[in-house]
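An overview of the molecular structure
One-letter residues, chain by chain:
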Amino acid sequence: MATRIREKAKQRQEARDRRPSATARFVRISPDKVRIVLDIIRGAGYEEAVAILKATSKAACEPVIKVLESAAANAENNLGMSKNTLYVAECYANAGPILKRVMPRAKGSAARINKRTSHITVVLDTKAE
């Protein structure tokens, strides 16, 4: 039994993604709004992506910049990569839990307000030069 567990652990370790990444969870912005921003930077170099995000006037840019810089810091500190050679290999925003609120309406009724959250993930990789 224990041998099989060690074998599975070894397989998981070998299959693990070794690219630098960062995730921001429970960000209080709709995933649809974040995906618009992520589509702009997907495939861009690190420096270019940061410049694009700083020049874009969307609310989702601020948390995406933080996640992007965190992934670059992980690459530099943990894996010894240079920021100059990095590019955005993958980036996606998944839906988080929805905060359900109620707003009073006419004649004693109520309307549901869904305050959506998102989990933003950015995966970087080195350019093949």
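Since we're looking at a predicted model, the values are computed, not measured. (Residues numbered from 1 in each chain as written. Predicted model: local features only at pLDDT ≥ 70, side-chain atom pairs only at ≥ 80, totals over all residues. Heavy atoms only, no water.)

**What to know about the environment of I29**
Locating I29 in the fold gives a position in the loop between strand 1 (21-27) and helix 2 (31-41). What makes I29 buried here is its relative accessible area of 12%. For the pair I29 and P63, spaced 34 residues apart in sequence, the C-alpha to C-alpha distance is 9.3 Å. Setting aside residues up to four positions removed in sequence, I29 forms contacts with V34, A59, A60, R116, T117 and S118. (Helix = DSSP H or I, 4+ residues; strand = E, 2+ residues; numbered from the N terminus. Buried < 20%, exposed > 50% of the residue type's maximum accessible area, 1.4 Å probe, protein only. Contact = heavy atoms within 4.5 Å.)

**Describing the sheet that holds strand 5 (residues 118-126)**
Strand order in the open sheet formed by three strands is 1-5-2, and the pairing between neighbours is antiparallel. Lying at the two open borders of the sheet, with one neighbouring strand each, are strand 1 and strand 2 (86-95). In this sheet, neighbouring strand axes are inclined to one another by 15° on average, regardless of whether the strands run parallel or antiparallel. Packed on one face of the sheet, helix 2 meets strand 2 and strand 5 and runs near 165° to strand 2. (Pairing = 2+ DSSP bridges. Axes fitted to C-alpha atoms, helices over the stretch in contact; angles between N-to-C directions.)

**So, unusual backbone geometry**
At F26, a position not held by glycine, the phi torsion is positive, near 60°. Inspection of the secondary structure puts F26 in strand 1. Assessed through its relative accessible area of 48%, F26 is described here as partly exposed. Phi is positive for K107, close to 60°, though the residue is something other than glycine. By the element assignment, K107 lies in the loop between strand 3 (99-104) and strand 4 (110-115).

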